[in-house]
Amino acid sequence: MAIQNNRLNLVLDAATITTLRTAFASINTALAPFAQALSTEERGTIPKMNVSNKAFVSDVVVAVKNNADFMPAYLSTNDIETDYNLYEQLEEFLNMANSICEKLSDTQMLAGSEAYSNSLTAYRLFGAAAKAGLNGADSVYETLAERFKQTGSTTPAPATIPPTS
């Protein structure tokens, strides 16, 4: 019987790891011809598209198509429309990628939480075993207790030994 609720109890098999690596490599290959990497500075300084700006850009695309003769030759109205269309196309893939990233992040968080919670339970049980005088338990407990001493956090309370009747 498990002490903690363990929603995950698996590791990825080699075939799944290969499938995921291949899928991500394929996505990276498909992105290579056009995907851009921005510097931290660029991310902070370039004008950003938001809901209001998106509506504005859409209106501008229509306006320049219908009134091209008002635009000077040095402003490429086709570039505005092309960039806007790419923005629209990428939105679908960003939504899919964000969903995948959220699932991966949540799954990793849950696996880490379960591993840590169950490790704390084991740690407390070693403490209880040491308190009960079981041979060798005190050295295991002290070794594990070093983690809490080094981080400056408080040591979790040792497990209490249930009374025997």
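To be clear, the structure that these remarks concern was listed above.
Residues numbered from 1 in each chain as written. Predicted model: local features only at pLDDT ≥ 70, side-chain atom pairs only at ≥ 80, totals over all residues. Heavy atoms only, no water.

Asks: It is not clear to me how the layout of surface pockets should be interpreted in this structure. Could you clarify?
Replies: Left-over empty space is what a probe sized like a water molecule reveals as it rolls over the atoms. One number sums up the size of the largest pocket: a volume of about 1000 Å³. Along its surface, the largest pocket is lined by 25 residues, and L31, F34, L90, F93 and L94 are the ones closest to its centre. With nine residues, the single largest contributor to the lining of the largest pocket is helix α4 (residues 77-131). Taken together, the residues that form the lining of the largest pocket break down as 21 nonpolar, one polar and three charged. The volume enclosed by the second largest pocket comes to roughly 270 Å³. Along its surface, the second largest pocket is lined by N6, L8, N9, L10, V11, L12, L20, L104, T107, A111, E114 and A115. Ranked by the residues each element gives to the lining of the second largest pocket, the list is headed by α4, at five residues. (1 Å grid on protein atoms, 1.4 Å probe; cavity = no way out; pocket = protein on both sides within 12 Å on 5 of 7 lines; lining within 4 Å. Points joined across faces, edges and corners; volume = space filled by probe spheres on them. Helix = DSSP H or I, 4+ residues; strand = E, 2+ residues; numbered from the N terminus. Nonpolar A, V, L, I, M, F, W, Y, C, P; charged D, E, K, R; others polar.)

Asks: Before we go on, may I ask you to explain the packing of helix α3 (residues 51-66) against α4 in this structure?
Replies: Helix-helix packing is characterised by the crossing angle of the two axes and by the distance between the axes. Remark: α3 packs on α4, axes separated minimally by 10 Å, with the N-to-C direction vectors making an angle of 140°. By the angle class used here, α3 and α4 are oblique. Crossing geometry of α3 relative to α4 is assigned as left-handed. In this structure, α3 contributes K54, V57, S58, V61, V64 and K65 to the contact, and α4 contributes T77, I80, E81, Y84, Y87, E88 and E91. For the contact of α3 with α4, the per-class residue count stands at six nonpolar, two polar and five charged. (Axes fitted to C-alpha atoms, helices over the stretch in contact; angles between N-to-C directions. Parallel < 35°, antiparallel > 145°, perpendicular 65-115°, else oblique. Left-handed = near helix turned anticlockwise from the far one by under 90°. Contact = heavy atoms within 4.5 Å.)

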